[in-house]
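Coordinates in review
Each chain, written out:
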Amino acid sequence: MSSIPLDYETLRLVWWLLLGILLIGFAIMGGRDLGVGALLPFVARTDEERRVLLNLVGPTWEGNQVWLVLGGGAIFAAFPPLYAVSFSGFYLAMIVILLALILRPVGFKFRGKVKDPRWRAAWDWALFIGGFVPSLIFGVAVGNVLLGAPFHLDDTMRAFYTGNFFLLLMPFALLCGLVSLGMIVTQGASVIAGRTTGPLAERARSYGTIAAMATIALFALGGVWIALGVDGYTITSVVDPNAAINPLAKTVTLTRGGWLANYGLYPWMILAPVLGFAGMIGALLALQARWRLPALLASSLGIFGITSTAGLSLFPFLLPSSTVPEASLTVWDASSSHLTLFIMLLVTCFFLPIILLYTAWVFRVMRGTVSAESLEKNPNAY
């Protein structure tokens, strides 16, 4: 459409970048809450300490969840075939994630209703599940994307998923799940160590140190596995970035270590895994040195690098097909129309800055150390 100032190829790239930004935003912001939840039964030893952790993330978790909602909305509106295949094919995994996430707000509200230690301990473990399970399964999902999902398309573009929940639990996918869990636990530990004091902060530093070391080792192992043990996808036909939507109009081959090809074509992409390692090493050192803000910033940088590594390795693929590689969904053949992408971009340019400003304002208001003494002064504390 000549009236649209940006061509189709540019808009497709912009929305691929925006989708990555939204998912990384959730990994960093939502990772704060998920990480604290996963650490809750271990870092906090007393009811008072656990209340401190609940009030550390309780006032802001809903705002951080916006990034997940925006990411899902972006997939639905910008890449409808991706939404159709992934959300229908992985629906059991999605249900598990949603049930785990639902435990979090319920746990915040109901934990303090009864003073019975057994009641509160049960909700503490529910909050742990609400942090641990999504952190793990989100990583498992990324691992399965790298392996390829078992789906195919018929000549009318209807998608047929031929896998099941247990096929998602492949060794490489579980490794990716552990990488995801490790980086999110590091993020949660950095938050706890940065906004609490005393034994609570010290335990968080210990767990955060272990999580950062595990993330570094597992991320390195994942890189070796990708290079030597996983087949990557490559488009072998001519690609028209401005063509109409048709995932079947291409040919695709699988080659061992193919997911590393982009780093040869675009050397600047190597910055992503470098930032992943640098961020986690920085978080490890900052936690040991008791540097509060640097630990959180370094952990966030590590999440950015690790998540970006997966996205850049996959480009231009969004969801490869392990059964019919030609049916794989890419940025160039699984997007919405030219006009739809442009209208959505205008809306995003208006609302995204508002979300960023509001988030910054909320965290400025809620800044500072959370302690047992501060809870006594707050009648609205959990």
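In this report, the structure presented in the accompanying data block is examined.

Conventions used here
Residues numbered from 1 in each chain as written. Predicted model: local features only at pLDDT ≥ 70, side-chain atom pairs only at ≥ 80, totals over all residues. Heavy atoms only, no water. Helix = DSSP H or I, 4+ residues; strand = E, 2+ residues; numbered from the N terminus. Buried < 20%, exposed > 50% of the residue type's maximum accessible area, 1.4 Å probe, protein only. Contact = heavy atoms within 4.5 Å. Areas by Shrake-Rupley, 256 points an atom, 1.4 Å probe, with all protein chains shown as cover. Lys, Arg positive; Asp, Glu negative; His and termini not counted. Charge placed at Lys NZ, Arg CZ, Asp CG, Glu CD. Axes fitted to C-alpha atoms, helices over the stretch in contact; angles between N-to-C directions. Parallel < 35°, antiparallel > 145°, perpendicular 65-115°, else oblique. Left-handed = near helix turned anticlockwise from the far one by under 90°. Nonpolar A, V, L, I, M, F, W, Y, C, P; charged D, E, K, R; others polar. Salt bridge = Lys/Arg side-chain N within 4 Å of Asp/Glu carboxyl O. Phe/Tyr/Trp six-rings, centres within 6.5 Å; stacked < 30°, edge-to-face > 60°. Patch = residues over 30% accessible without salt bridge, like charges linked within 9 Å, V, L, I, M, F, W, Y side chains within 5 Å. Polar contact = N/O pair within 3.5 Å; in protein donor to acceptor, adjacent residues only side chain to side chain.

**Points about the overall build of the protein**
Looking only at helices and strands, the protein has 13 helices and six strands in total. Across the 382 residues of the protein, 51% fall into the buried class. Here the analysis covers contacts within the protein between residues at least 6 apart in sequence; of these, 80% occur between residues at least 24 apart. On the protein, roughly 17,600 Å² of surface is accessible, and the fraction owed to carbon and sulfur atoms is 72%. In the protein, which carries 23 positive and 18 negative side-chain charges, the distance between the mean positions of the two groups comes to 13 Å.

**Quick look at the packing of helix 3 (residues 61-78) against helix 5 (residues 91-110)**
Contact geometry for helix 3 and helix 5: axes closest at 12 Å, N-to-C directions at 165 degrees. On the basis of their axis angle, the class for helix 3 and helix 5 is roughly antiparallel. At the point where helix 3 passes helix 5, the crossing takes the left-handed sense. Side by side, helix 3 and helix 5 meet where Trp 61, Gln 65 and Leu 68 of the first sit next to Leu 101, Arg 104, Pro 105 and Phe 108 of the second. When grouped by side-chain class, the residues that make up the contact of helix 3 with helix 5 number five nonpolar, one polar and one charged.

**So, the environment of Phe 315**
Mapped onto the elements, Phe 315 comes out in the loop between helix 11 (292-314) and strand 5 (317-319). By relative accessible area, Phe 315 is classed as buried at 12%. Taking the C-alpha atoms as reference points, Phe 315 and Asn 378, 63 residues apart in sequence, are found 48 Å from one another. What Phe 315 contacts, discounting residues up to four positions off in sequence, is Leu 13, Trp 16, Asn 262, Val 331 and Trp 332.

**Some thoughts on the pattern of salt bridges**
Applying the stated rule across the entire model yields eleven salt bridges. Across the salt bridge formed by Asp 154 and Arg 158, the nearest N and O atoms sit 2.8 Å from each other. A relative accessible area of 16% means that Asp 154 is categorised as buried. In this structure, Arg 290 engages Glu 202 in a salt bridge whose closest nitrogen and oxygen atoms are separated by 2.8 Å. Of this pair, Arg 290 sits in the loop between helix 10 (271-289) and helix 11 while Glu 202 sits in helix 8 (residues 198-229), and the two are 88 residues apart along the sequence. Of the residues examined, Arg 290 reaches a relative accessible area of 47% and is grouped as partly exposed. Each member of the salt-bridge network shares a partner with another, and the members are Asp 47, Arg 50, Arg 111, Arg 120 and Asp 124.

**Section: unusual backbone geometry**
Excluding glycine, a negative phi dihedral is what most residues carry, and trans is how most peptide bonds are arranged. Cis peptide bonds are those with omega within 30 degrees of zero, and the linkage from Phe 315 to Pro 316 qualifies with 5 degrees. With respect to the secondary-structure elements, Pro 316 resides in the loop between helix 11 and strand 5. The phi torsion at Met 157 lies on the positive side, around 70 degrees, for a residue other than glycine. Position of Met 157 among the secondary structure elements: in the loop between strand 1 (151-153) and strand 2 (159-161). You will see that Arg 290, though not glycine, has its phi angle at about 60 degrees, which is positive.

**Focus on the packing of aromatic side chains**
Scanning the model with the defined rule gives 22 aromatic pairs in all. Relative to Phe 315, the ring of Trp 16 lies with its centre 4.6 Å away and its plane at 55 degrees, an arrangement referred to as tilted. Note that Trp 16 is positioned in helix 1 (residues 8-43) and Phe 315 in the loop between helix 11 and strand 5, a separation of 299 residues in sequence. Ring geometry for Phe 42 and Phe 128: centres 5.6 Å apart, planes at 80 degrees, overall edge-to-face.

**Notes on the packing of helix 1 against helix 6 (residues 117-147)**
One way to put it is that helix 1 packs onto helix 6 with a least axis distance of 7 Å and a crossing angle of 135 degrees. With respect to their mutual orientation, helix 1 and helix 6 come out oblique. In this structure, helix 1 meets helix 6 at a crossing whose hand is left-handed. Contacts between helix 1 and helix 6 involve Phe 26, Leu 34, Gly 37, Ala 38, Leu 40, Pro 41 and Phe 42 on the former and, on the latter, Asp 124, Trp 125, Leu 127, Phe 128, Gly 130, Gly 131, Phe 132, Pro 134, Ser 135 and Phe 138. Tallied by class, residues from the contact of helix 1 with helix 6 come to twelve nonpolar, four polar and one charged.

**Observations concerning the environment of Met 344**
Mapped onto the elements of the fold, Met 344 is located in helix 12 (residues 338-365). Judged by relative accessible area, which is 15%, Met 344 ranks as buried. Along the sequence, Met 344 and Ile 137 sit 207 residues apart, while their C-alpha atoms lie 29 Å from each other. The contacts of Met 344, once residues within four sequence positions are left out, are Trp 15, Ala 77 and Ala 78.

**Considerations on a nonpolar patch on the surface**
A grouping of Tyr 91, Leu 92, Ile 95, Leu 98, Leu 99 and Ile 102 is seen on the molecular surface, where their side chains present a nonpolar patch of about 580 Å² in accessible area. As for its placement among the helices and strands, Leu 92 is situated in helix 5.

**Looking at the side chain of Glu 49**
Tracing the sequence through the fold places Glu 49 in helix 2 (residues 47-57). Of note is the side chain of Glu 49, whose polar atom sits 3.0 Å from the side chain of Arg 203. Ignoring any residue separated from it by four or fewer positions in sequence, one finds Glu 49 in contact with Val 43, Ala 44, Pro 199, Leu 200 and Arg 203.

Just geometry here; none of it tells us what the structure is for.
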